[in-house]
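Letter by letter, the chains look like this.
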Number of protein chains: 2
Amino acid sequence: MTRFNPVTPRVIERLKGIVGEEHVLTSPEDLARYGLDEIEERYRSLPEVVVKPRSPEEIAAIMRLANQERVPVTPRGAGTGLSGGAIPICGGIVISLERMNEILEIDPDNMMVTVEPGVVLADMMRAVEAHGLFYPVDVSTLESCHVGGNVAENAGGARAVKYGITGHWVYGLEMVTPTGEIVRLGGKRIKDVTGYNLVQLVVGSEGTLGIITKITFRLTVKPKYVLDLLIPFDSLKDAVAQVLGLLREEQGLSAIEFMDSLSIRAAEKYLNLTLPYDDCEAHLLIQVDGMEEEGVWQAAERVYKRLMEAGAKEVFVADNRITREKLWRARRNIAEALKALNSYVSVEDIVVPRSEIPEMARRLRELSRAHGLEVPLYGHIGDGNLHPTPVSGGRDEETWARDLAAFLSDMFKAVKELGGNITAEHGIGFKRVKYLPLVMDEVEIKLMEAIKKAWDPNGILNPGKIFPAEGTCSS
Amino acid sequence: MTRFNPVTPRVIERLKGIVGEEHVLTSPEDLARYGLDEIEERYRSLPEVVVKPRSPEEIAAIMRLANQERVPVTPRGAGTGLSGGAIPICGGIVISLERMNEILEIDPDNMMVTVEPGVVLADMMRAVEAHGLFYPVDVSTLESCHVGGNVAENAGGARAVKYGITGHWVYGLEMVTPTGEIVRLGGKRIKDVTGYNLVQLVVGSEGTLGIITKITFRLTVKPKYVLDLLIPFDSLKDAVAQVLGLLREEQGLSAIEFMDSLSIRAAEKYLNLTLPYDDCEAHLLIQVDGMEEEGVWQAAERVYKRLMEAGAKEVFVADNRITREKLWRARRNIAEALKALNSYVSVEDIVVPRSEIPEMARRLRELSRAHGLEVPLYGHIGDGNLHPTPVSGGRDEETWARDLAAFLSDMFKAVKELGGNITAEHGIGFKRVKYLPLVMDEVEIKLMEAIKKAWDPNGILNPGKIFPAEGTCSS
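Residues numbered from 1 in each chain as written. Chains lettered and ligands numbered in written order. Predicted model: local features only at pLDDT ≥ 70, side-chain atom pairs only at ≥ 80, totals over all residues. Heavy atoms only, no water.

J.: Help me out: how do you make sense of the overall build of chain A in this one?
T.: Looking only at helices and strands, one finds 17 helices and 18 strands in chain A. A globule of 475 residues ought to have a C-alpha radius of gyration of about 23 Å, and chain A, at 22 Å, matches this closely. Projecting the C-alpha coordinates of chain A onto the three principal axes gives extents of approximately 70 × 55 × 45 Å. Out of the 475 residues belonging to chain A, those deemed buried represent 63%. Looking at chain A as shown, the accessible area adds up to about 16800 Å², and 48% of this sits on carbon and sulfur atoms. Each charge sign in chain A was given a centre, from 55 positive and 69 negative side chains, and these centres are 2 Å apart. (Helix = DSSP H or I, 4+ residues; strand = E, 2+ residues; numbered from the N terminus. Rg over C-alpha atoms; globule rule 2.2 N^0.38 Å. Buried < 20%, exposed > 50% of the residue type's maximum accessible area, 1.4 Å probe, protein only. Areas by Shrake-Rupley, 256 points an atom, 1.4 Å probe, with all protein chains shown as cover. Lys, Arg positive; Asp, Glu negative; His and termini not counted. Charge placed at Lys NZ, Arg CZ, Asp CG, Glu CD.)

J.: Explanation requested: empty space enclosed by the protein in the structure shown.
T.: Here the idea is plain: a probe the size of a water molecule rolls over the atoms and shows the empty space left. Residues and elements named next belong to chain B. With the rule as written, the count across this model stands at one cavity of 30 Å³ or more. One number sums up the size of the largest cavity: a volume of about 40 Å³. Looking at the largest cavity, the residues that line it are D138, V139, S140, A158, E257, W328, R331, R332 and H380. Taken together, the residues of the lining of the largest cavity sort by class into three nonpolar, two polar and four charged. Two domains each donate at least three residues to the lining of the largest cavity, and these are domain 2 (103-221) and domain 3 (225-336). (1 Å grid on protein atoms, 1.4 Å probe; cavity = no way out; pocket = protein on both sides within 12 Å on 5 of 7 lines; lining within 4 Å. Points joined across faces, edges and corners; volume = space filled by probe spheres on them. Nonpolar A, V, L, I, M, F, W, Y, C, P; charged D, E, K, R; others polar. Domains from an automatic or database assignment.)

J.: Can you walk me through the packing of helix α13 (residues 357-371) of chain B against helix α14 (residues 397-417) of chain B in this structure?
T.: Residues and elements named next belong to chain B. Put simply, α13 and α14 touch, their axes get as near as 10 Å, and they point 155° apart. Considering their axes alone, α13 and α14 lie roughly antiparallel with respect to each other. Of the two elements, α13 crosses α14, and the hand of that crossing is right-handed. From α13, M360, R363, L364, L367, S368 and H371 reach across to α14, where they touch D403, A406, F407, D410, M411, A414, V415 and E417. (Axes fitted to C-alpha atoms, helices over the stretch in contact; angles between N-to-C directions. Parallel < 35°, antiparallel > 145°, perpendicular 65-115°, else oblique. Left-handed = near helix turned anticlockwise from the far one by under 90°. Contact = heavy atoms within 4.5 Å.)

J.: Hey, could you run me through the relation of the copies chain B and chain A in this one?
T.: In this arrangement, two copies of a chain are superimposed by a rotation about an axis accompanied by a shift along the axis. Between chain B and chain A, the superposition needs a rotation of 180° and an axial shift of 0.0 Å, giving an RMSD of 0.0 Å. Taken together, the rotation and translation describe the operation of a two-fold axis. When C-alpha distances to the rotation axis are compared across chain B, the minimum falls at I451 of chain B, with a value of 2.8 Å. Most of the interface of chain B is mirrored in chain A, where 100% of its interface residues are also at the interface. (Least-squares fit on C-alpha atoms with pLDDT ≥ 70 in both.)

J.: Help me understand the sheet that holds strand β4 (residues 93-96) of chain B in this model?
T.: Neighbouring strands of a sheet are bound in pairs by backbone hydrogen bonds; such pairs are parallel or else antiparallel. Residue and element names in this part refer to chain B. Strand order in the open sheet formed by four strands is β1-β2-β4-β3, and the pairing between neighbours is mixed. In the strand order of this sheet, the two ends are held by β1 (24-25) and β3 (73-76), each with one partner. Pairing analysis gives four bridges linking β3 to β4, with the strands arranged parallel. Among the inter-strand pairings, V73 is bridged to a residue of β4, identified as I93. The strands touched by helix α3 (residues 56-69) are β2 (49-51), β3 and β4; relative to β4, the strand with the most contacts, the crossing angle is about 170°. (Pairing = 2+ DSSP bridges.)

J.: Where do I start with the nonpolar core in this structure?
T.: With 102 residues, the main nonpolar core has Y135, F217 and W455 of chain A together with Y135, F217 and W455 of chain B as its most contacted residues. If we skip the residues at most four places from it in the chain, W455 of chain A touches M175, P178, T179, L198, L201, V202 and L209 of chain A together with L447, A450 and I451 of chain B. (Core = buried A, V, L, I, M, F, W, Y, C linked by side-chain atoms within 4.5 Å.)

J.: What is the right way to look at the domain arrangement of chain A in this model?
T.: Frequently, the measure chosen for interface size is the accessible area that the parts lose on association. Residue and element names in this part refer to chain A. When the domains of chain A are assigned, the result is domain 1 (9-99), domain 2 (103-221), domain 3 (225-336) and domain 4 (342-436). Between the C-alpha centres of domain 1 and domain 2 the distance comes to 22 Å. Contacts between the two partners involve 18 residues from domain 1 and, on the opposite side, 19 residues from domain 2. Interface area, domain 1 with domain 2, both sides summed: about 1400 Å², of which 65% is carbon and sulfur. Together, P56, T80 and L97 form the three largest contributors to the area buried by domain 1 at its contact with domain 2, with a combined 30%. Counting the contacts that link domain 1 with domain 2 gives one salt bridge. R54 is the salt-bridge partner of E116, the closest N and O atoms lying 3.0 Å from each other. Linking domain 1 to domain 2 there are four residue pairs in polar contact (both at pLDDT 80 or more). Of all the elements in the fold, those that place two or more residues in the side of domain 1 that touches domain 2 are α3 (56-69) and β3 (73-76). Across the side of domain 1 that touches domain 2, the residue classes break down as nine nonpolar, five polar and four charged. (Buried area = accessible area lost by both parts, 1.4 Å probe. Salt bridge = Lys/Arg side-chain N within 4 Å of Asp/Glu carboxyl O. Polar contact = N/O pair within 3.5 Å; in protein donor to acceptor, adjacent residues only side chain to side chain.)

J.: Before we go on, may I ask you to explain the interface of chain B and chain A in this structure?
T.: Counting residues at the interface gives 84 residues for chain B and 84 residues for chain A. A per-residue breakdown of the area chain B buries against chain A is headed by K191, V193 and Y196 of chain B, which together make up 16% of the total. Where chain B touches chain A, the interface holds six salt bridges. A salt bridge links K191 of chain A to D383 of chain B, with the shortest nitrogen-to-oxygen separation between them at 3.4 Å. Remark: the boundary between chain B and chain A carries 28 residue pairs in polar contact (both at pLDDT 80 or more).

J.: How do you make sense of the side chain of R218 of chain B when you look at a structure like this?
T.: For R218 of chain B, the position within the fold is in strand β10 (residues 211-218). Buried charge without a partner: R218 of chain B forms no salt bridge, and the closest opposite charge is D383 of chain A, 6.2 Å away. At a separation of 3.0 Å, a polar atom in the side chain of R218 of chain B contacts the side chain of Y171 of chain B. Excluding anything up to four places from it in sequence, R218 of chain B contacts V161 and R354 of chain A together with M111, M112, Y135, W169, Y171 and I190 of chain B.

J.: Would you take a moment to explain the sheet that holds strand β13 (residues 253-260) of chain A for this structure?
T.: Residues and elements named next belong to chain A. Spatial ordering of the open sheet is given by β15-β12-β14-β13-β17-β18-β16, a layout of seven strands whose pairing is antiparallel. The open sheet has two free edges, formed respectively by β15 (316-318) and β16 (350-351), since each of these has just one partner strand. Sheet topology places β16 next to strand β18 (residues 385-386); two bridges connect them, and they run antiparallel. By the bridge assignment for β18, I350 is matched with L386. Along the sheet, helix α11 (residues 293-309) makes contact with β12 (225-233), β13, β14 (282-290) and β15, crossing β12 at roughly 10°.

J.: Help me understand the pairing of strand β9 (residues 182-186) of chain A, please; the structure alone is not making it clear to me.
T.: The two faces of a sheet get side chains in turn, since along a regular strand they alternate between them. Residues and elements named next belong to chain A. Sheet topology note: the strand β8 (residues 170-176)/β9 ladder contains five bridges and is antiparallel. Among the inter-strand pairings, E174 is bridged to a residue of β9, identified as R184. Counted between consecutive antiparallel strands, the loop separating β8 from β9 contains five residues, among which G180 sits at a positive phi close to 90°.

Structure, rendered in structure tokens:
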């Protein structure tokens, strides 16, 4: 028995009545463009219709209609997600937020900005910087991802080690509930304990608890001085071992990134650039920022001394925009590079307590050998967040899928043993649904499901995401 | 019809079987001690029995029993709350967490500490400082309050302007659900988006969603240099007006507190001490901290210059422990002082967007005059969080209750108009239940109620708190 009904011509007519005919897409080419995000092609699944509303009221009307008709709804930002969160796996309606893309208010007095979900992250960052303000969450896809997706997935990025992740900056939300009501949560208040923290419940709920229609982000002051340090190590072990000490002794570091030689070489090839010492096993990329030039240089010097003593080959200092951009371009494009250079890749997103980083790196090498799978390793090592990215090499799709599954299962077991978890910033989405019971207590899953069911009794909003039991479209 | 059943002798016997006879209290004197927190006497309500479990397993057994018997349960920490959250307004069982008071683990590598809920906040702070670590949430009652209560209420305190509130430091929880299951949420992971953010849902849920049995707090590095500045102003308006500029220009300020002359004088009288310029209308108390002495002094100098130019009478610098402690003792004891000097007081806890602080201060003076009620004003002005504290003067209890209600209703309307809210760090508890619909959207209340009902189908855990509709013990 199907849980959901198909989208009938009558439903399409009603959708046109809500958002206007030109904002309802049904052609096969259009539907194909809304059937995948940045995960593997084999996960593609087409919607029956795509609608592009312009207001919360239109979205509320769509949700009420979808409830009446028992049609599933999948919200979508820029489609840059890495867990399949925006894929309409049960078909139905895709609501694309792309037309809701206005920066509504920059409020310098309260140091807040209010935006619609379809604003591109880098556009928002530039807009607030023009007012001397700073939104610090530096997601790799900043030039294309939408802030609404950042909030839905609670995106992390490179500067989390100092500035936290998306959720830390979200103070107000407007959203449409699964049953089609508009609600405003939080606001421009730094402290507020009036009722449950629904803002942070919705942040990271991957579009399963509501469709976000406005976001108020808190901002900070833009640091005046920024230095980036690229530090090659002959030994991966030595590089990783340094991270804990750095974290304990230096408070001002705004990024501690890690790239192994497989990752570096892929980025070099893809971007056609050369980084120094690319034959080294590991590179750390460390950012220092602050309001005073002298303090930033002093911190950089301490890092320099410490790492040279610990076996670094060299410490390259990037103190100008062009060199800094070159380093970060390499770091940000690793996933893209690996995708371009292989038929199949799987960008993973594990997290372990920071003290377990060396052990996790060791186990990853061991698992890579044991499974005969090449696994480039890079990530936000300062947060304990690594992106091991198995690549297919010469495998055909079937062999790849089988070998990958075996590797992931072993990797996630190791992650669990070390007190870690299966996703730090990409989300469970569709891709990791089946691994959730491996790491999460049954009681916790039941508590989450109880909320989902209480807010979305018909289960129509982004079905098949997060929850193992809802992984299918029929009951 | 009563929703709940009375605690029968049979239930008491079963409770004794669970926690041991010596940990079940039923004498009138014992019950009286568990019938109130730090709000007004008129809110006192007695439990039928008090139990003191020692483990999550015991609490789980109590919750299962309470569900079978339909007996309400109210969890209790140190009873220092300011919203009646620990008052058993429907009678039933009080679960006191006082025996669960161990610091379980200090983990310097991950910069985390794991504790039981009955640990006194200051004890935890001192224990981690011995390892060079720092828990920065500086609640006024730090020498008596329990960390479990801090988490349940999402307590704020003086350093929130730089370091955030309790919730920002909670990374792991163990709790017993309302239906008596033990669950572990979060852990020692800096970033983790695996599933909904249940940790932050439980933080600040005022004991209505579960009973917290273990907490893992993230820690930071203790700042090496701290200065406190006391700055008297002749004009309250001038003092308040300075706060916004300071917030925008100085990132290192770890506290921006405010006290009006009524508050200062009460503290002086109560503590038998004298502060300079106590005839001034307003004082700011500003803390600067940092890792480098020079930077801290430079920031203090900038504050000094700015405020002297803006009409400060003087800037007193406290750079030693004794003087610093004197200033903070005065600030921390204002609420106690007002209570000691008046028959009745009501410590309020409003928050407005920071840009509205001057307007809110103006309106409070106006409302104070209009209602003929003396309203000492102090609080965490850097967060937009003020504690207007109406005092009874010569009023009898009945007149007081009536005049207070009229004042509060007007004050909360003003708060709402300015985009603020009714509680920033004390909680709704029982005291503010009736005002919730004044400031919160019906849809949001329904979303919160849906979660409460999904997790606690019999509504037995801390009934009558937060939700207007559950304000009674009978249906």
